[in-house]
Amino acid sequence: MARVQPGKPRSPQGAKPGGNGATTGYEADLWRMADALRGSMDAAEYKHVVLGLIFLKYISDAFEERHATVLSEWGTEAAEDRDEYIAENIFWVPQESRWANLKAQARQPTVGQLVDGAMADIERDNPTLKDVLPKDYARPALDKQRLGQLIDLISNIRVGDREARSKDVLGRVYEYFLSQFASAEGKKGGEFYTPRCVVKLLVEMLEPYRGRVYDPCCGSSGMFVQSMEFIPAHASGNGNGGQARSDISIYGQESNYTTWRLAKMNLAIRGIEGQIANGDSFHNDRHPDLKADFILANPPFNVSDWGGERLTQDQRWQYGVPPKGNANFAWVQHMVYHLSPAGAAGFVLANGSMSSSQSNEGNIRRSLIEANLVDCMVALPGQLFYSTQIPACLWFLARRRERSGEILFIDGRKLGRMVDRTHRELTDEDIARIADTYHAWRNRASATSKGEERGEGATGEYADIPGFCKSATLEEVRKQGHVLTPGRYVGAEIQEDDGEPFEDKMKRLTAQWRKQQAEAAKLDAAIEKNLKQLGFGNGEGI
């Protein structure tokens, strides 16, 4: 295990990107050490302990850097003026709540009370953090010695100064920890964390440059974070005139209170403002009048106890009443209801949503297709999610469609790479291939020169690729009973010609077959001889 030397803050310089998911540098080292301090504590409980402390360290780093600047330029009185920090979009930290004070008393038995007090004071003086920070570090079940060790560990990383903020160090650490906790918690953890590669694919395909972005089941806010990152990453791309703009308004809702707190912290560490509400989107829609330009979501799969029996007359069910025992098409129609007249949605669902015909699901799917809302379907490879081994797919819906009367089907089941024994991720190349294919199909010029390889013709126009993508007409979809499984449409992949003439190949295969026949006859004779020696010759004794 790598060790962080006391007094020598770990620098992010050595961090190495691990494809499209977690990194493999200091974040992994930090996780291993932090996890070693967990002891017997459940991952779901420990998650809030460690992430809360990391968040507190971030606030303190940013504050201390600004404090040193103000102190040197304006003196002690100005350095304790809250307005000097708020004006720079830096959280104010009261003197007794600063990290140096926590670190100095990390090995005291009262450290839990000290941390709780710091969290409460910071919430009090920073209204945007009200009811967000964890404040249960003094509870008897939390080992205070381990808590002190964890504070010492986190003291050795810089996450909130200007350099760290410019590299989004805390964001990377935070996201890495979220993914690791999701893995440790299994199904429960995956409910609040969508793998980064899946989020990135949704964002790359929808391209939310500006407008209202909504996630009705936002988990830890990964969709929003990736949407904000997309803009500067594509500053020279289509749609924004070469300018990195942030004309995005964020709206979200999360039913689980502790996950909602994670979402608020995840946005706060990146300085992202958003209207993130706590509550059940079905029964307590906190954004009832919202019409979003983009909707990105990963709703929980196949939820049976969503209370559908109390919503049979709901105005959102414009395409059919969703079954009481499965919320999949309730989520779909909730999102359609919240789309603006030119809005588009991309979301994850279980594969069953593409073909199920039970409990009115087939009728709802048919109605959505006939209403010309379904734009694209993407079949995903397995083992992408921490929360489930159920195969998943991506739906893309649009109010205003550029290819009316057609649906693009993409079969991505063979894509991705294994990052460990149980989990797969889509690479940047996989994401680019799928997204470029979709954009080319929508008659957009592609930024890649590998047009034919990614589903485009030599001129940058879309072309079907057997085994990968197919643009199907509405009539073709009707003939398939309105089933949306890409495998039904894309066909089989064309096998590459090995260059061997047909006659030569037949001669070679025929000779190989005869040789194998002769070898089989020899094996049969040897088996028969052995059977006779055992007294079972000519079928006797059998």
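Residues numbered from 1 in each chain as written. Predicted model: local features only at pLDDT ≥ 70, side-chain atom pairs only at ≥ 80, totals over all residues. Heavy atoms only, no water.

**Focus: the packing of helix α11 (residues 196-206) against helix α16 (residues 428-441)**
- Contact geometry of α11 with α16 gives a least axis separation of 9 Å together with a crossing angle of 25 degrees. Considering the angle they form, α11 stands roughly parallel to α16. Of the two elements, α11 crosses α16, and the hand of that crossing is right-handed. In contact with Cys197, Lys200, Leu201, Glu204 and Met205 of α11, α16 contributes Asp428, Ile431, Ile434, Ala435, Tyr438 and His439. (Axes fitted to C-alpha atoms, helices over the stretch in contact; angles between N-to-C directions. Helix = DSSP H or I, 4+ residues; strand = E, 2+ residues; numbered from the N terminus. Parallel < 35°, antiparallel > 145°, perpendicular 65-115°, else oblique. Left-handed = near helix turned anticlockwise from the far one by under 90°. Contact = heavy atoms within 4.5 Å.)

**Let's talk about the packing of aromatic side chains**
- Considering all chains together, one arrives at 13 aromatic pairs under this definition.
- Consider the rings of Tyr438 and Trp441, whose centres lie 6.3 Å apart with planes at 20 degrees: the pair is stacked. Here Trp441 and Tyr438 lie together in helix α16, a separation of three residues that amounts to about one turn. The pair formed by Tyr438 and Trp441 is uniform in burial state, with each residue classed as buried.
- Taken together, the ring pairs connect Phe282, Trp306, Trp317 and Trp331 into an aromatic cluster.
- Taking NZ or CZ as reference, Arg98 lies 5.5 Å from the ring centre of Trp92, over its face.
- Here the guanidinium or amino end of Arg433 rests over the ring plane of Phe468, the centre of that ring lying 3.7 Å away. (Phe/Tyr/Trp six-rings, centres within 6.5 Å; stacked < 30°, edge-to-face > 60°. Buried < 20%, exposed > 50% of the residue type's maximum accessible area, 1.4 Å probe, protein only. Lys NZ or Arg CZ within 6 Å of the ring centre and 35° of its normal.)

**Remarks on the sheet that holds strand β5 (residues 339-350)**
- Strand order in the open sheet formed by nine strands is β3-β2-β1-β4-β5-β7-β6-β8-β11, with mixed pairing between adjacent strands. Each of the sheet's edge strands pairs with one partner strand only, and the pair in question is β3 (275-278) and β11 (469-473). Between one strand and the next, the sheet's axes are offset by a mean angle of 15 degrees, whatever the strand orientation.
- Relative to strand β7 (residues 392-398), β5 is paired through seven bridges, and the arrangement is antiparallel. (Pairing = 2+ DSSP bridges.)

The values are spatial; any link to function lies outside them.
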